[in-house]
Structures are given as C-alpha cells and as structure tokens.
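Architecture and fold: a report
Spelled out from the first residue to the last, the chains are:
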Amino acid sequence: LLAGAAFGQDAPNLAREAPPAAKVSIDEAIAKGVAFLIANQNEDGSFGSYTLGIRGVSASIPGAYYAFKTASTALCWMGLDETGDKSEACLAAKRKALRWLVDHARVKRSRPWELYNVWSQAYGLQALAQALRTKADGVPEKEIRAAADELIKAIGKYQTPDGGWGYYDFQYKTAKPSWSTSFSTATMVVALHEAEAAGLKVSLDMIERACVNIQRCRKPDATYLYGLYSRYYPHGGIAKPAGSSMRDPACTLALRIYGRDVDAKDVGVIFERLVMQHRFAVAGVRRPIPHESWYQVSGYFYLYGQLYAAMLMRHLGEESRPFYAQKIVDYVLKTRQPDGSFWDYPLYGFHKFYGTGYALMTLPRCRRVLAD
C-alpha cells in the first residue's frame, strides 16, 4: 500500500495476510508497545509531533496539531494505564503525560469549519476521569478535577443543535457547530459516562440529547448512519454493514450504557458483523486518502472500532466473549510494527501514538477475557 511504502515500511495486503510483526503473544505485544511509548515520549510528557508526511486529512496548523497531540497523549496515557505495568519507567511516563494533559487538555477549534478538538475533548475527559477513578499519582486530584470540569463546559459549548458532536462544519461555520456524526457523538457519550463514574457533574440534558441523536442514526439492521445529515440517503456505501462495522460498536456501547433500546441480541449482531465485514475494514488500513477504500471505509476507522468492540464485549454473552476477544486481538496485531508500535492511518506524526494508545487500551481488555 502507498502509505506503507511512503513511511519506509513493508506493507503487505493486510486483508490477506498479517505482517511478521503480528506473530507475537498478547503479552509481548503489550510489553513492546509500552516500551515504544516510553522510548518516544516527548520531553514535556506529551506524545507525538507534527511531520508533513502524506497529506491525507486537512489539518490547520497550529490548531489541528494541538488537537491531535492532546488526543494522542490522552490515548497513550490511558493505554499505559490499562496495561497495569508497574515498572518505574512506565509510572514515570504516566506521571509526565498526566501532568501535561492536565495543563493542555483544553484545546480550541482550529478553524470555523475544522473541529478536531472534539477528539482532544473526548479523550482528554476520558483520561482525566480514569485518572480520578484509579487515583493516579503525579498530579493533585483537585487539579485533575478542575481540568475535567473545564472540558465538560467546553464540550457543552460544542454540542450541535441536533444533540451530537462533529469534527467539521463545512456549511454554516457557526459558533455552535451545525454538523455531527454518530460515532464522534458516541465517543463523547462514552467519555461523559466515564466522567459521571468518576464523580464529575455532567448535564443530564446533554446526555439525553446525544443519545437521541445516536438513536436517530440507528437503522433497523443495527447499522448506524455516518451522521444525521445522511438520513435522506441511508443506503449509500458507507451506511451499509461493510461501511458501518467499525462505528457500530461505539454507537451501540453509548446507547447500551445509558439503558437505551439495545438488547443482548443487538450486541451479538454487532460482533457477528465485526467478523463478517472485517475484510472491508482492514482493506482501508494505511490508505492515505480518506474514504478511498470499499464502502468508503477509511483506515482511521480500524483501531478505533476494535477498541470500542473490546469495551462493548462486557455486554456480550459470556460464552461468546473468548471467541470474539481472540478475533479482536488478531485484528489489532495486524497493525503492529517491528518497533512495537501500532498504526492504521498516516496522520502526520501522530499515527503511531494514537494507534499504540488504542492498541494498549484494547489488548489488555481481551487478555482478561481470554485468561478467565
């Protein structure tokens, strides 16, 4: 694939074969992923830096840079935390990352039509909530809580009139954005749920409107529209099961945790689709042009979808969990690199960091299921 060649990587067709780097145990993959992050953490505690690379998604500098860096740092901190690694090197890396995140979590939109800060807000809040729940050291709880409260206020300002959140606003470019997607809304709902669990105050009206948005995006076959804007053409390629499989877990999880009309059978359908449509999900991996693959799939759907499938797994019947946990492990390892990192889409200088963060949040969850 072009992206693999451009980054000096061997790039087998991941839809047909796994790279040699994938042929490792879960424990080794996690350990090497942790080592990669520790070795490549910035001096200030953050993760990732801007390099030009292949131009894929548009990214205004410096605003997009701040958003990507903050979201990547939040994902890396959560990934390191999920592994349970108690080595001094890992604990030191977590302390530095958390300190940086508390100081920089609040990111403004970079342009009127570009709102990548939705990702820094969602993952920043989720990381801070996790730090509160696990009583992470390195930053006083009072400071973590204050930073999280500030993020919740900002999140409210960016909620769209239809109740969701999005990362673009091409049409109106208004102070309160007008465009949302089902999966970015679901990402925010999951983060807000984590914030509630950590004892932070979250508006119930904000949650209600977001859940209604996701429900309106849900189709009878349990797939989800990309966003409400596409409800008048619900049968486009990206809205079919093959195009929807990587956003379905997040949307289903968001509705499930707030007691919406999603039952165990619906959850089972999501996991069946995860396997049945995998060939289309993985076919988009590392392709540098957004939505260029079959069913308009983008590479950056891939590790995102695996994470939320792993999070949704606790709502799946116990007898089915080991089978799907192993499938998710296999899928994640397909993106593993010889240096221990993971990536699915060339995003300037941030792809190995957000990708490794996703992977380290996913693999330990699967490991726990497989160990039972």
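Before going into details, it helps to say that this report is about the structure given with it. (Residues numbered from 1 in each chain as written. Predicted model: local features only at pLDDT ≥ 70, side-chain atom pairs only at ≥ 80, totals over all residues. Heavy atoms only, no water.)

On to the pattern of salt bridges, then. Scanning the model with the defined rule gives 16 salt bridges in all. Of the charged contacts, one joins Arg-365 and Glu-82 as a salt bridge, the two residues approaching to 3.3 Å between their closest N and O atoms. Note that Arg-365 is positioned in helix α15 (residues 351-371) and Glu-82 in helix α3 (residues 63-83), a separation of 283 residues in sequence. In this structure, the salt-bridge partner of Asp-137 is Arg-95, at a minimum N-O distance of 3.5 Å. Placement of the pair is Asp-137 in the loop between α5 (117-133) and α6 (141-158) and Arg-95 in helix α4 (residues 88-104), with a sequence separation of 42 residues. By sharing partners, the salt bridges in this structure join Glu-82, Arg-365 and Arg-368 into a single network. (Salt bridge = Lys/Arg side-chain N within 4 Å of Asp/Glu carboxyl O. Helix = DSSP H or I, 4+ residues; strand = E, 2+ residues; numbered from the N terminus.)

The next point concerns α6. A rise of 1.5 Å per residue sets the reference length of α6, with its 18 residues, at 26 Å; its end C-alpha atoms lie 26 Å apart and thus fit the reference within 8%. By the burial criterion, the buried members of α6 are Ile-144, Ala-147, Ala-148, Leu-151, Ile-152, Ala-154, Ile-155 and Tyr-158. Seen along its axis, α6 keeps its buried residues to an arc of 165 degrees; they face one direction. Residues of α6 that are exposed and angled more than 90 degrees away from the buried face: Lys-142, Lys-153 and Lys-157. (Expected span 1.5 Å × (residues − 1). Buried < 20%, exposed > 50% of the residue type's maximum accessible area, 1.4 Å probe, protein only. Arc of directions from axis to C-beta.)

A few words on a positive patch on the surface. On the surface, a cluster of positive charge is contributed by Arg-106, Lys-108, Lys-153 and Lys-157. Tracing the backbone shows Lys-153 in helix α6. (Patch = residues over 30% accessible without salt bridge, like charges linked within 9 Å, V, L, I, M, F, W, Y side chains within 5 Å. Areas by Shrake-Rupley, 256 points an atom, 1.4 Å probe, with all protein chains shown as cover. Lys, Arg positive; Asp, Glu negative; His and termini not counted. Charge placed at Lys NZ, Arg CZ, Asp CG, Glu CD.)

Position of Glu-292 among the secondary structure elements: in the loop between α12 (278-283) and α13 (302-312). Residue contacts for Glu-292: discarding those within four places in its chain leaves Arg-287 and Val-297. (Contact = heavy atoms within 4.5 Å.)

A few words on the nonpolar core. Leu-125, Leu-128 and Phe-271 are the most contacted members of the largest nonpolar core, which totals 126 residues. Those residues within four positions of Leu-125 in sequence are excluded, and the remaining contacts are Ser-120, Ala-148, Leu-151, Ile-152, Ile-155, Ala-191, Leu-192, Ala-195 and Leu-200. (Core = buried A, V, L, I, M, F, W, Y, C linked by side-chain atoms within 4.5 Å.)

Geometrically, a pair of aromatic rings is defined through the distance of the ring centres and the angle of the planes. Evaluation of the coordinates by the stated rule reveals 33 aromatic pairs. Considering the side-chain rings of Trp-119 and Tyr-304, the 6.4 Å spacing of their centres and the 80 degrees angle between planes classify their relative orientation as edge-to-face. Of this pair, Trp-119 sits in helix α5 while Tyr-304 sits in helix α13, and the two are 185 residues apart along the sequence. With respect to burial, Trp-119 and Tyr-304 carry one shared label: buried. Ring geometry for Tyr-167 versus Trp-179: centroids 5.4 Å apart, planes at 90 degrees, classification edge-to-face. Taken as a pair, Tyr-167 in the loop between α6 and α7 (182-197) and Trp-179 in the loop between α6 and α7 lie far apart in primary sequence, 12 residues in all. (Phe/Tyr/Trp six-rings, centres within 6.5 Å; stacked < 30°, edge-to-face > 60°.)

Relative orientation of the contacting elements α5 and α7 amounts to 25 degrees, with a least axis distance of 8 Å. Viewed along their axes, α5 and α7 adopt a mutual orientation that is roughly parallel. Note on packing geometry: the crossing formed by α5 with α7 is left-handed. Across the interface between the two elements, Val-118, Trp-119, Gln-121, Ala-122, Tyr-123, Leu-125, Gln-126, Ala-129 and Arg-133 of α5 pack against Phe-183, Ser-184, Thr-187, Met-188, Val-190, Ala-191, Leu-192, Glu-194, Ala-195 and Ala-197 of α7. Broken down by class, the residue content of the contact of α5 with α7 amounts to 13 nonpolar, four polar and two charged. (Axes fitted to C-alpha atoms, helices over the stretch in contact; angles between N-to-C directions. Parallel < 35°, antiparallel > 145°, perpendicular 65-115°, else oblique. Left-handed = near helix turned anticlockwise from the far one by under 90°. Nonpolar A, V, L, I, M, F, W, Y, C, P; charged D, E, K, R; others polar.)

In this fold, Cys-211 is placed in helix α8 (residues 204-217). Classification of Cys-211 by relative accessible area gives buried; the value is 0%. Taking the C-alpha atoms as reference points, Cys-211 and Phe-301, separated by 90 residues in sequence, lie 21 Å from one another. Here Cys-211 is in contact with Val-189, Leu-255, Tyr-258 and Arg-260, once residues within four sequence places are set aside.

Right, let's talk about unusual backbone geometry for a bit. Glycine aside, the phi torsion of most residues is negative, and most peptide linkages are trans. In this model, Ile-61 is joined to Pro-62 through a cis peptide bond whose omega is 10 degrees. Within the fold, Pro-62 resides in the loop between α2 (26-40) and α3. A positive phi angle, close to 70 degrees, is found at Arg-286, a residue other than glycine. As for its position among the elements, Arg-286 is in the loop between α12 and α13. When its relative accessible area of 2% is taken as the criterion, Arg-286 is described as buried.

A word on a nonpolar patch on the surface. A cluster of nonpolar side chains, namely Tyr-229, Tyr-232 and Tyr-233, defines an oily patch on the protein surface of about 400 Å² accessible area. Within the secondary structure, Tyr-229 is located in the loop between α8 and α9 (241-244).

What follows concerns the packing of α7 against α8. Close contact between α7 and α8 brings their axes to 10 Å; oriented N to C, the two are set at 145 degrees. Here the hand of the crossing between α7 and α8 comes out left-handed. On the side of α7, the interface is formed by Ser-182, Thr-185, Ala-186, Val-189, Leu-192 and Glu-196, while α8 contributes Leu-204, Met-206, Ile-207, Ala-210, Cys-211, Asn-213, Ile-214 and Cys-217. Here the residues of the contact of α7 with α8 sort into 10 nonpolar, three polar and one charged.

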